[in-house]
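Understanding the architecture of this molecule
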Amino acid sequence: MRAWQVPELGEPLAVVREADLPVPEPSPGQVVVRTLATAANFPDVLLCRGLYQVKPDLPFTPGVELCGEVVALGEGVEGFTVGQRVLGASALPHGGFAEYAALTAAQAFPAPASLDDAQASSLFIGYQTGWFGLHRRAHLQAGETLLVHAAAGGVGSAAVQLGKAAGARVIGVVGGPEKAEVARALGADVVIDRHTQDFVEVVKAETDGRGADVIYDPVGGETYQRSTKCIAFEGRILIIGFAGGTIQKAALNHALIKNYSIVGLHWGLYNRYDPSAVQQCHAELTSLADQGVVNPLVSERLAFDAVPDGLQRLGDGTTVGRVVYQADR
Ligand SMILES: NC(=O)c1ccc[n+]([C@@H]2O[C@H](COP(=O)([O-])OP(=O)(O)OC[C@H]3O[C@@H](n4cnc5c(N)ncnc54)[C@H](OP(=O)(O)O)[C@@H]3O)[C@@H](O)[C@H]2O)c1
């Protein structure tokens, strides 16, 4: 089969190379799928760079999130049928940027009929992270103000839609006028272009000086530090990621003085510690997708040959929504 592989670490465009590989055999507890679509995620870029918390042996095939058609079931797998359309997280080293991929059955779910393959491939990591972050960790309430950084990006666009679905007032921060248009179209009530505006000042002005109740931060570094200047009394800052490249340190005296919470989220751990909650979340997301409330933003559908370039642009911070490898293109 055709597959992209990472044989050495570095920038995606430099290290993602084509390989001719055998179709993976399912290990016990796995399903193997014919790849229909694979959404590029920032963790794919971090995997290429060797900067992700998971460090698979080289070479591996990236593509952490996908939609595929089940072709083989491993020992002990129940509840799936050959031919079924599923979505979920890949089991590395057999990631989704290949004609066939492996998934741990416990992290594979029926793909909603209301979503096409590319959208279905984008419903898992970003939306589950948004749902667990906003609801389980930050307890977002209707009527509260939610500030989302990188609001036009993969996890950010999901957080905007889920925040609106929860009845929050959503303020999105983005880099540049095109991304601002995207964030508006996603439903953000207020959009801030960080290239030309100071988000701290705008958030204070929009909240009569109170600040945002929940801040969703996939960027980190200076973005986190500035966020502490516009977090409300009893606000919650969700630590989602460090796409800006700097892992910040927190001033705990400031959290005490202003009475806010710094809330970490590693969504993947719920698969280990509370898998039934992941299932419930998928059911909820499927229902929201069927109602059209959740509508994954697929900005590009890439042919196989375009995958390394798409990953590089994601890493460079210039993509919006999800850039997706679609197998039939
Ligand atoms: N905690 C969890 O469980 C979890 C789960 C999934 C993903 N994540 C993390 O969430 C983050 C976002 O992932 P994603 O796939 O959705 O990516 P993404 O948000 O689509 O892309 C990253 C965005 O970050 C912003 N950014 C700011 N400074 C940047 C820089 N120096 N380089 C690149 N981007 C920069 C850019 O948006 P603007 O220009 O609009 O600011 C860019 O579009 C990643 O750090 C990822 O590891 C965490």
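No experiment lies behind these values; they were computed from the predicted model shown. (Residues numbered from 1 in each chain as written. Predicted model: local features only at pLDDT ≥ 70, side-chain atom pairs only at ≥ 80, totals over all residues. Heavy atoms only, no water.)

A count of helices and strands for the protein gives 12 helices and 14 strands. A compact globule built from 329 residues would reach a C-alpha radius of gyration of about 20 Å, and the protein, at 19 Å, matches this within 12%. Reported as C-alpha extents along the three principal axes, the dimensions of the protein are approximately 60 × 40 × 35 Å. When the 329 residues of the protein are sorted by exposure, 56% land in the buried category. Pairs at least 24 apart in sequence give 68% of the contacts found in the protein among residues at least 6 apart. Carbon and sulfur atoms provide 51% of the accessible area of the protein, an area that totals close to 13,700 Å². The distance from the centre of the 25 positive side-chain charges to the centre of the 35 negative ones in the protein is 7 Å. (Helix = DSSP H or I, 4+ residues; strand = E, 2+ residues; numbered from the N terminus. Rg over C-alpha atoms; globule rule 2.2 N^0.38 Å. Buried < 20%, exposed > 50% of the residue type's maximum accessible area, 1.4 Å probe, protein only. Contact = heavy atoms within 4.5 Å. Areas by Shrake-Rupley, 256 points an atom, 1.4 Å probe, with all protein chains shown as cover. Lys, Arg positive; Asp, Glu negative; His and termini not counted. Charge placed at Lys NZ, Arg CZ, Asp CG, Glu CD.)

Turning next to the domain arrangement of the protein. The domains assigned to the protein are domain 1 (2-115 + 296-326) and domain 2 (126-268). Each of domain 1 and domain 2 was reduced to a C-alpha centroid, and the two centroids are 28 Å apart. Contact residues are listed per partner, giving 11 residues for domain 1 and 13 residues for domain 2. The contact between domain 1 and domain 2 buries some 830 Å² in all, and 57% of this surface belongs to carbon and sulfur atoms. The tally of links from domain 1 across to domain 2 stands at 0 salt bridges. (Domains from an automatic or database assignment. Buried area = accessible area lost by both parts, 1.4 Å probe. Salt bridge = Lys/Arg side-chain N within 4 Å of Asp/Glu carboxyl O.)

Attention shifts here to the packing of aromatic side chains. One pass over the full model with this rule turns up 7 aromatic pairs. Here W4 and F304 contribute two aromatic rings whose centre-to-centre distance is 4.9 Å and whose plane-to-plane angle is 20°, an arrangement assigned as stacked. Here F304 lies in the loop between β13 (298-302) and α12 (307-315) and W4 lies in strand β1 (residues 2-5), a separation of 300 residues in the sequence. The class of W4 is buried, set by a relative accessible area of 8%. (Phe/Tyr/Trp six-rings, centres within 6.5 Å; stacked < 30°, edge-to-face > 60°.)

In this section: the site of the ligand. Not every one of the 29 residues close to the ligand is listed here, only the nearest: F42, V155, K179, R194 and L265. A distance of 2.9 Å separates a nitrogen atom of the ligand from a polar backbone atom of I240. Within the side chain of R322, an N or O atom sits 2.9 Å from an oxygen atom of the ligand. Expressed as a share of its isolated accessible area of 920 Å², the protein-covered part of the ligand is 88%. For the shell around the ligand, the secondary-structure elements that each account for two or more residues are α2 (42-49), α4 (125-137), α5 (154-165) and α12. For the shell around the ligand, the element with the most residues is α2, which contributes 3 residues. The residue inventory of the shell around the ligand, partitioned by class, reads 15 nonpolar, 11 polar and 3 charged. Residue-level mapping places the shell around the ligand at the junction of two domains, with at least three residues from each of domain 1 (2-115 + 296-326) and domain 2 (126-268). (Near = heavy atom within 4 Å. Polar contact = N/O pair within 3.5 Å; in protein donor to acceptor, adjacent residues only side chain to side chain. Nonpolar A, V, L, I, M, F, W, Y, C, P; charged D, E, K, R; others polar.)

For E284, the position within the fold is in helix α11 (residues 275-290). Separated by 153 residues in the primary sequence, E284 and W131 have C-alpha atoms spaced 9.3 Å apart.

A few words on the environment of K55. One can find K55 in the loop between α2 and β4 (65-73). For K55, a relative accessible area of 58% gives the class exposed. Along the chain, K55 and L92 lie 37 residues apart, while their C-alpha atoms are 9.8 Å from each other. Of the polar contacts made by the side chain of K55, one reaches the backbone oxygen of G50; its length is 3.2 Å. From its side chain, K55 meets the backbone oxygen of Y52 in a polar contact 2.6 Å long.

Attention now moves to the UniProt feature "domain: Enoyl reductase (ER)" (unreviewed entry) in the protein. In the numbering adopted here, UniProt assigns the feature "domain: Enoyl reductase (ER)" (unreviewed entry) to residues 10-325. The span residues 10-325 carries 33% helix and 26% strand; its end-to-end C-alpha distance comes to 21 Å. (UniProt positions renumbered as here; feature names shortened; annotations may be inferred.)

Time to look at the packing of α4 against α5. Running from N to C, α4 and α5 cross one another at 50°; their axes reach a closest spacing of 8 Å. Between α4 and α5, the interaxial angle falls into the category oblique. For the pair α4 and α5, the crossing hand works out as right-handed. Residues G126, Y127, G130, W131 and L134 of α4 lie in contact with α5, whose contacting residues are V155, A158, A159, Q161, L162 and G163. When grouped by side-chain class, the residues that make up the contact of α4 with α5 number 7 nonpolar, 4 polar and no charged. (Axes fitted to C-alpha atoms, helices over the stretch in contact; angles between N-to-C directions. Parallel < 35°, antiparallel > 145°, perpendicular 65-115°, else oblique. Left-handed = near helix turned anticlockwise from the far one by under 90°.)

A separate point is the pattern of salt bridges. In the structure shown here, the tally under the stated rule is 17 salt bridges. R301 serves as the salt-bridge partner of D116, at 3.1 Å between the closest nitrogen and oxygen. Placement of the pair is D116 in the loop between β6 (100-110) and α3 (117-121) and R301 in strand β13, with a sequence separation of 185 residues. With relative accessibility at 33%, the residue D116 sits in the partly exposed group. A salt bridge links R169 to E206; the shortest N-O distance between them is 2.6 Å.

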